[in-house]
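# Chain and residue survey
The chain contents come next:
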Amino acid sequence: MNKSQRHEELIKLVNKKGTVRISEIMESFGVTDMTVRRDLIELEEQGLLKKIHGGARSNSAFQYREISHKEKHTLNIAEKRYIAKLAANLIEEGDTVFLGPGTTVESLAEEINNQQLSVVTNCLPVFNILQKRKSETFKVFLLGGEMRPVTESFVGEVTNTSLEKMHFSKMFFSANGTREDDIMTSTVEEGYTQRLALTRTVEQYLLLDSSKVGKEDFSVFCQLSQLTAVISDQNDDEKTAQLAKWAEVINT
């Protein structure tokens, strides 16, 4: 097995197990401690895994640190724009729409060109984008409550009490990851608010770029099988197939 083949198999092993120790890699591939350490350094530099003390962790493993709103704006920009354009095509004149937090949903807000629409959101950046379009027929409502600085979204009792009195024709939301049928985010509070909105909505659409498929986060707040569809990109056929086991996937 040459170096390229070893790297390929090592990545598969780490992604399958989540975390792998150096001793396990040595045994699996019949190489020295020094070779494994060099391999891990190279693969980490390529962004293919995360080197940890005594081994390696998959990039798809649980996110120990929630990525900030500012950082998310620099990730998968083209994919988010592609997804946003597909989602915007599903919004019809006269709809009452709920938009959740997230930079992909912000991209959707920028793509909306309807003339007659009612939009409710608990995300301040989404509101700031759409409120410039406000008119007699284009209405935008921001739900108040306790704001989470990381996502600039409102959660908690005040937000949820308002949601309980509302109904929507469509909801568009994002997530930090999916694993099998589960959809995950970083906090119970934000997840609960999104789950509540989902129960008040006729059609539910998850905006999810393929990099998030197979990633885990802290709180499961709903299932793919409960949704109308997932709107994604075309970057990874294998991940599209994973999503398609549980829900309709729109990517064209």
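Now for a quick tour of the structure. Everything numeric in this text was worked out from a predicted model, so none of it was measured. (Residues numbered from 1 in each chain as written. Predicted model: local features only at pLDDT ≥ 70, side-chain atom pairs only at ≥ 80, totals over all residues. Heavy atoms only, no water.)

## Some thoughts on the sheet that holds strand 2 (residues 50-52)
Rule in force here: By definition, two strands form a pair when at least two bridges between them are found by DSSP. Only runs of H or I of at least four residues qualify as helices and only runs of E of at least two qualify as strands under DSSP, and these elements are numbered from the N terminus. For helices, the axis comes from a line fit to the C-alpha atoms of the stretch in contact; other axes are also lines fit to C-alpha atoms, and the angle between any two N-to-C directions lies between 0 and 180 degrees. Contact between two residues is taken to exist if any of their heavy atoms lie within 4.5 Å; hydrogens are not considered.
Strands sit in the order 1-3-2 across an open sheet of three strands; the sheet is antiparallel. In the strand order of this sheet, the two ends are held by strand 1 (19-21) and strand 2, each with one partner. Taking each pair of neighbouring strands and ignoring which way they run, the sheet shows an average axis angle of 25 degrees. Sheet strands in contact with helix 2 (residues 22-29) are strand 1 and strand 3 (55-57), and its direction is about 75 degrees off that of strand 1. Running over the sheet, helix 3 (residues 33-45) touches strand 2 and strand 3 and is turned about 140 degrees from strand 2.

## Some remarks on the packing of aromatic side chains
Two numbers describe a pair of aromatic rings. These are the distance of the centres and the angle of the planes. For clarity, the cut-off: When the centres of two rings from Phe, Tyr and Trp lie within 6.5 Å, Trp using its six-membered ring, the rings pair. Their planes under 30 degrees apart give stacked, over 60 give edge-to-face, and anything left gives tilted. Residue burial is assigned from relative accessible area. The probe radius is 1.4 Å, only protein chains are included, and a residue is buried under 20% of its type maximum, exposed over 50%, and partly exposed in between.
For the structure shown, the criterion picks out three aromatic pairs. Residues Phe172 and Tyr205 carry aromatic rings whose centres are separated by 5.2 Å and whose planes lie at 15 degrees to one another, so their mutual orientation is stacked. Of this pair, Phe172 sits in strand 9 (residues 168-173) while Tyr205 sits in strand 12 (residues 201-207); the two residues are 33 residues apart in sequence, bridging distant segments of the chain. With relative accessibility at 0%, the residue Phe172 sits in the buried group. An angle of 70 degrees between the planes, with centres 6.0 Å apart, marks the rings of Phe173 and Phe221 as edge-to-face.

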